Amino acid sequence: MSRSPLGTRVQTGSVCPESGVWKVVGTPSTTAPIARGNRMPPYGGKAVYWELIQYA
């Protein structure tokens, strides 16, 4: 099974395709460890895009 490439972007509510460290695209930003299969969370009460920056 191949990994999702670093830089993959997914939106809040989508299923996480790859375990790793994800960063919110935009400002303000944050990072969070998210496991494959979990739903991508909102940030600051809003739907955002998350970008994979590091594998777990």
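Read on for a plain summary of the structure. Just so it is clear, the model here is predicted, and its values are computed rather than measured. (Residues numbered from 1 in each chain as written. Predicted model: local features only at pLDDT ≥ 70, side-chain atom pairs only at ≥ 80, totals over all residues. Heavy atoms only, no water.)

What follows concerns the sheet that holds strand β3 (residues 31-34). Taken in spatial order, the 4 strands make up an open sheet running β1-β4-β2-β3, and their pairing is antiparallel. The outermost strands of the open sheet, each flanked by one partner alone, are β1 (9-11) and β3. Across the sheet, the axes of successive neighbouring strands diverge by a mean angle of 40°, strand direction being ignored. Two elements, strand β2 (residues 20-24) and strand β4 (residues 49-55), share 5 bridges in a ladder whose sense is antiparallel. Among the inter-strand pairings, V21 is bridged to a residue of β4, identified as Q54. (Pairing = 2+ DSSP bridges. Helix = DSSP H or I, 4+ residues; strand = E, 2+ residues; numbered from the N terminus. Axes fitted to C-alpha atoms, helices over the stretch in contact; angles between N-to-C directions.)

For the structure on display, the rule yields 3 salt bridges. Residue E18 is joined to R3 by a salt bridge in which the shortest nitrogen-to-oxygen separation is 3.9 Å. One end of the pair, E18, is in the loop between β1 and β2; the other, R3, is in the segment before β1, and 15 residues separate them in sequence. A residue is classified by how much of its surface remains accessible, and E18, at 5% relative accessible area, is buried. You can call R3 partly exposed: its relative accessible area is 48%. Between E51 and R9 there is a salt bridge, with its nearest N and O atoms 3.3 Å apart. (Salt bridge = Lys/Arg side-chain N within 4 Å of Asp/Glu carboxyl O. Buried < 20%, exposed > 50% of the residue type's maximum accessible area, 1.4 Å probe, protein only.)

Let's shift gears to unusual backbone geometry. A cis geometry characterises the amide bond from T27 onward to P28, with omega recorded as -5°. Relative to the assigned elements, P28 resides in the loop between β2 and β3.

Moving on, we come to the environment of P17. Assignment of secondary structure puts P17 in the loop between β1 and β2. Look at P17 and you get partly exposed, because its relative accessible area is 23%. Once you skip the residues sitting within four places of it in the chain, P17 turns out to touch S4, T8, V10, W22 and R36. (Contact = heavy atoms within 4.5 Å.)

Note on placement: G45 falls in the loop between β3 and β4. Given the relative accessible area of 75%, G45 is considered exposed.

By themselves, these are just geometric observations and shouldn't be taken as functional.
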